[in-house]
Amino acid sequence: MGPGAVTGPGPAAPLWTAEVAAAVAAPAAGTVWIDLPQGPAAGGALVRERMAALLDQGVSGDQLLVLVPQRPRRRPEPPAGQPSGRAAVSPEIHTFYGLAARMVRLFWPGIASEAGFGSPLDPPVLLTYETAQYVMKQIVDPLLAEGAFDGLSLRPQRLLSQLLDNLNKAGVNGYEIAEVGPRLRDSWTAHREGREVWFDQAQSCIEAYRAHCLQHNLVDVSLVLHLFRRHLLPSDEFRRYLEGRFRHLLVEAVEETVPLAQDFIRQRLAAVDSAWLVARRDGGFRLFLGVDPEGARSLREVCARSLRVPDEPVRPTVTLGRELSAGFEPPRAPGQTPDEAAAGALRLLSARHRGPMVAEVAAEVVRLVETGAAEPGEIAVVAPHADGVLRFLVSEALREARIPCAVVRRFESLREEPETRVALALAALAYPAWEQAPHASDVTEALQAALSLDPVRARLLTRAAYDAGSGALRELGEGDPRLRERLPPGALEAFETLRRWLLARRQGEPQPLDLFLRQLFGEVLSRPDLDPGRAAMYARLISSASWFRRSAPSLGTGPDPGGTAEGYARMVEEGVVAASHPAGTQPAAAAVLVVAPVYTYLLEERFDRYQFWLDAGSISWWEPPHQPLTNPHVLSRRWRRDAAWTEAVDHETRNRTLGRLVRGLCSRAGEAVYLCWSETEAGGPAEEDSPLLRAAARIAGTVEPAA
């Protein structure tokens with residue numbers, strides 16, 4: 001494979017010009033900005049080629065710092081045809097946060113006391129998103145009991161995540177957390193819903209949380225970034241370390257960097273021997289995480305050389321993205337008509353209800369595969385939000401059509417998985433000290449999985465054998481003869497074996513939950529016919545419980561900081577624990593990709609011939625998630641402190657965000673994009689004024705739901 005070609009879903013495509021190819025092989029000197037169009041693996045391939053060229057020139061791997069937008073799934077492989085006789089030292093490949101966390105640990109002895117930590121001679125305890133939510137919960141719960149956030153309709157996990165998000169926005173934008181509440185309050189002009197009071201209460205929560213973290217040496221994402229900005233970036237010692245350690249800098253997806261990362265890159269550009277910054281036009285999809293594409297583009301002015309790869313030849317799908325976004329971004333010139341190429345790349349599928357819409361999508365996927373227009377791995381199905389019902393409908397419809405599919409989510413909550421409910425229901429039956437007995441429906445689901453019963457028979461067995469008062473299974477003995485007749489042969493014997501197994505755990509010394517779960521899986525739930533996906537979910541639950549047990553004693557929330565089995569199970573149920581567990585590995589290339597939400601797709605290195613956009617009539621494409629306690633735009637460094645968040649600003653921001661989203665999706669499609677909607681969408685009737693459908697109507701004619 002030569003320079004500029006990629007493999008994977010979609011056709012191989014040229015990624016750069018002869019001028020850029022020459023720059024790839026140029027000597028290791030100077031700073032270069034590469035401006036690329038959106039495309040399959042463009043930025044990553046170009047960075048890998050330059051990295052390989054530097055190594056071949058004799059640059060030592062430990063002098064190479066590579067910044068990537070997300071944690072790499074695996075070690076980068078050298079491009080085909082490259083010499084293999086390089087030095088054994090590998091380049092340092094990090095996300096910006098990963099680098100910052102590593103530097104904070106390295107320089108901890110020199111900064112801990114000055115930063116105000118309670119035990120500066122002890123090492124820091126780095127919090128994951130899970131444990132940060134847990135610590136925040138200990139801060140928030142007493143305040144909620146006193147009436148804080150009264151009238152705010154928000155699930156507990158969403159409340160915690162928005163408070164942490166406020167902290168993180170201060171961290172990535174480089175200002176003190178004391179500014180968060182005033183920024184939100186000063187921008188709010190509506191003076192309704194008591195939101196100003198909520199902002200003040202949120203400020204109290206994050207300040208109490210930060211004080212608790214400092215007292216107990218707990219370092220979360222926001223504190224890592226604060227320490228990096230306040231104590232490392234200005235440090236001459238840190239600067240000398242970097243200059244002696246990293247002489248060459250490569251940055252993939254500069255447009256996906258946060259302002260603090262841009263400060264760091266700007267500082268390094270003045271000191272390194274060479275730098276290679278790769279950016280994609282129309283990028284910056286993670287605005288909700290604080291990325292600043294406009295600030296990233298300003299780095300181009302600091303680079304000695306700037307190269308641009310043109311969009312030519314422009315695919316009709318790319319033109320479609322521009323035409324769609326023009327429907328809700330700046331108005332078109334009078335009399336200007338949509339491009340015919342865009343209309344040719346747009347397909348429409350509609351139905352009265354969601355079920356028939358999904359059936360239409362599955363039928364069209366089958367047609368594309370059977371006619372040879374595309375392989376399953378060249379088709380992607382995306383939706384605006386991670387709607388579990390929609391994912392289930394799509395995956396079941398494709399499986400019935402015998403089309404392989406892979407459902408991918410960026411993150412998944414363990415509480416949503418049936419394997420989690422089964423394991424924790426059986427755990428509740430084995431721990432007599434738990435205050436809350438499992439619900440009968442959870443016991444039914446657990447017996448169904450453990451004994452391979454159908455739902456009806458599992459319910460019958462639960463009614464006969466479950467004592468909700470004691471939270472245990474009772475001995476049936478010979479039992480009701482009619483029950484034995486209605487259950488499969490051997491079911492009562494298998495039940496008795498399970499009951500005795502659980503009883504032995506109830507009567508013995510309580511085990512740590514992760515050890516119990518290991519035994520439960522190995523001795524009860526694992527069978528030769530167990531689906532590998534379900535086994536992987538059990539393994540994920542065990543891993544999460546194990547990690548939490550090991551880290552809980554360091555969280556500084558009292559003598560028993562929730563590391564018990566019941567504490568962990570309760571937090572899983574509330575969505576606090578494992579809300580950010582990675583959702584598995586890269587899907588098989590031979591399967592239809594079913595992804596929600598769309599940002600997950602955009603952050604993957606994917607290129608497909610055909611895309612299906614589900615719920616295209618839903619306002620969810622345009623409307624951001626409900627975030628009453630935060631605002632990524634107001635908390636941005638770029639926001640003017642004297643500006644007000646008005647309805648006009650909100651409307652313009654939504655349109656601009658949707659335009660970037662649509663152009664990004666269309667740039668990843670090779671042949672056509674299907675807009676699929678039903679008269680009744682996820683949130684009710686399809687919006688007549690949906691910006692996406694309105695733009696499609698302008699391109700393809702009047703859009704009417706099917707009769």
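Residues numbered from 1 in each chain as written. Predicted model: local features only at pLDDT ≥ 70, side-chain atom pairs only at ≥ 80, totals over all residues. Heavy atoms only, no water.

Structural notes on the overall build of the protein chain
Phase 1 of the analysis: Tallying secondary structure elements over the protein chain gives 27 helices and 20 strands in all.
Phase 2 of the analysis: When each of the 707 residues of the protein chain is scored for burial, the buried share is 54%.
Phase 3 of the analysis: Counting contacts in the protein chain only where the partners sit at least 6 residues apart, residues at least 24 apart contribute 80% of the total.
Phase 4 of the analysis: Carbon and sulfur atoms form 52% of the exposed surface of the protein chain, whose accessible area is close to 31,100 Å². (Helix = DSSP H or I, 4+ residues; strand = E, 2+ residues; numbered from the N terminus. Buried < 20%, exposed > 50% of the residue type's maximum accessible area, 1.4 Å probe, protein only. Contact = heavy atoms within 4.5 Å. Areas by Shrake-Rupley, 256 points an atom, 1.4 Å probe, with all protein chains shown as cover.)

Description of the pairing of strand β10 (residues 379-382)
Phase 1 of the analysis: Side chains Ile379 and Val381 project from β10 onto one buried face, and the interleaved Ala380 and Val382 project onto a second face that is buried too.
Phase 2 of the analysis: Examined bridge by bridge, β10 and strand β17 (residues 608-613) share four bridges and lie parallel to one another. Counted as the bridge partner of Val381 is Phe612 from β17.
Phase 3 of the analysis: Pairing geometry for β10 and strand β16 (residues 592-595), over three bridges, is parallel. Note on β16: the bridge partner recorded for Val382 is Val595. (Pairing = 2+ DSSP bridges.)

A few points about the nonpolar core
Phase 1 of the analysis: Judged by nonpolar contacts, the single largest core of 135 residues is most densely connected at Phe149, Leu163, Tyr209, Phe228, Leu277, Leu461 and Phe516.
Phase 2 of the analysis: Take this core: its biggest share by element is nine residues, from helix α17 (residues 418-430).
Phase 3 of the analysis: What Phe149 contacts, discounting residues up to four positions off in sequence, is Leu144, Leu159, Leu163, Trp198, Gln201, Ala202, Cys205 and Leu629.
Phase 4 of the analysis: Ranked by size, the runner-up nonpolar core spans 34 residues in total, among them Leu320, Leu324, Leu593 and Cys666. (Core = buried A, V, L, I, M, F, W, Y, C linked by side-chain atoms within 4.5 Å.)

Here we look at the environment of Leu513
Phase 1 of the analysis: Looking at the element boundaries, Leu513 is found in helix α22 (residues 513-525).
Phase 2 of the analysis: Separated by 56 residues in the primary sequence, Leu513 and Ala569 place their C-alpha atoms 8.9 Å from one another.
Phase 3 of the analysis: Residues within four places of Leu513 in sequence aside, it is in contact with Leu424, Ala427, Tyr431, Ala565 and Tyr568.

A word on the packing of aromatic side chains
Phase 1 of the analysis: All told, the structure shown has 16 aromatic pairs when counted by the stated rule.
Phase 2 of the analysis: On the basis of an interplanar angle of 45° and a centroid distance of 6.1 Å, the ring pair of Phe96 and Phe264 is categorised as tilted. Taken as a pair, Phe96 in helix α3 (residues 96-106) and Phe264 in helix α11 (residues 259-269) lie far apart in primary sequence, 168 residues in all.
Phase 3 of the analysis: Judged by its relative accessible area of 10%, Phe96 falls in the buried class.
Phase 4 of the analysis: Phe264 gets classed as buried once you look at its relative accessible area, which sits at 0%.
Phase 5 of the analysis: Both rings, one in Phe612 and one in Tyr674, keep their centres 4.3 Å apart while their planes meet at 10°; by these two values the pair is stacked. With Phe612 in strand β17 and Tyr674 in strand β18 (residues 669-678), this residue pair connects regions lying 62 residues apart in the sequence. (Phe/Tyr/Trp six-rings, centres within 6.5 Å; stacked < 30°, edge-to-face > 60°.)

Let's talk about helix α8 (residues 195-215)
Phase 1 of the analysis: With 21 residues, α8 should reach 30 Å at 1.5 Å per residue; the first-to-last C-alpha distance of 30 Å fits that figure.
Phase 2 of the analysis: Listed as buried for α8 are Arg195, Glu196, Trp198, Phe199, Ala202, Gln203, Cys205, Ile206, Tyr209, Arg210, His212 and Cys213.
Phase 3 of the analysis: For α8, the elements touching its buried residues are α5 (129-145), α6 (156-173), α7 (180-187), β5 (218-219) and α9 (221-232).
Phase 4 of the analysis: Among the residues trailing α8, Asn217 stands out with phi positive, at a value near 60°. (Expected span 1.5 Å × (residues − 1).)

Notes on the packing of α6 against α8
Phase 1 of the analysis: Remark: α6 packs on α8, axes separated minimally by 10 Å, with the N-to-C direction vectors making an angle of 70°. By the criterion of interaxial angle, the relationship of α6 to α8 is roughly perpendicular. Across the interface between the two elements, Leu163, Leu164 and Leu167 of α6 pack against Ala202, Cys205, Ile206, Tyr209 and Arg210 of α8.
Phase 2 of the analysis: Considered class by class, the residues forming the contact of α6 with α8 number seven nonpolar, no polar and one charged. (Axes fitted to C-alpha atoms, helices over the stretch in contact; angles between N-to-C directions. Parallel < 35°, antiparallel > 145°, perpendicular 65-115°, else oblique. Nonpolar A, V, L, I, M, F, W, Y, C, P; charged D, E, K, R; others polar.)

Describing α22
Phase 1 of the analysis: Taking 1.5 Å per residue as the helical rise, α22 with its 13 residues ought to reach 18 Å, whereas the 16 Å between its terminal C-alpha atoms falls clearly short.
Phase 2 of the analysis: Where α22 is concerned, the buried positions are Leu513, Asp514, Phe516, Leu517, Leu520, Val524 and Leu525. In an axial view of α22, the angular spread of the buried residues amounts to 155°, which keeps them on one side of the axis.
Phase 3 of the analysis: Contact partners of the buried residues in α22: α17, α18 (440-451), α21 (491-507), α23 (532-551) and α24 (565-573). (Arc of directions from axis to C-beta.)

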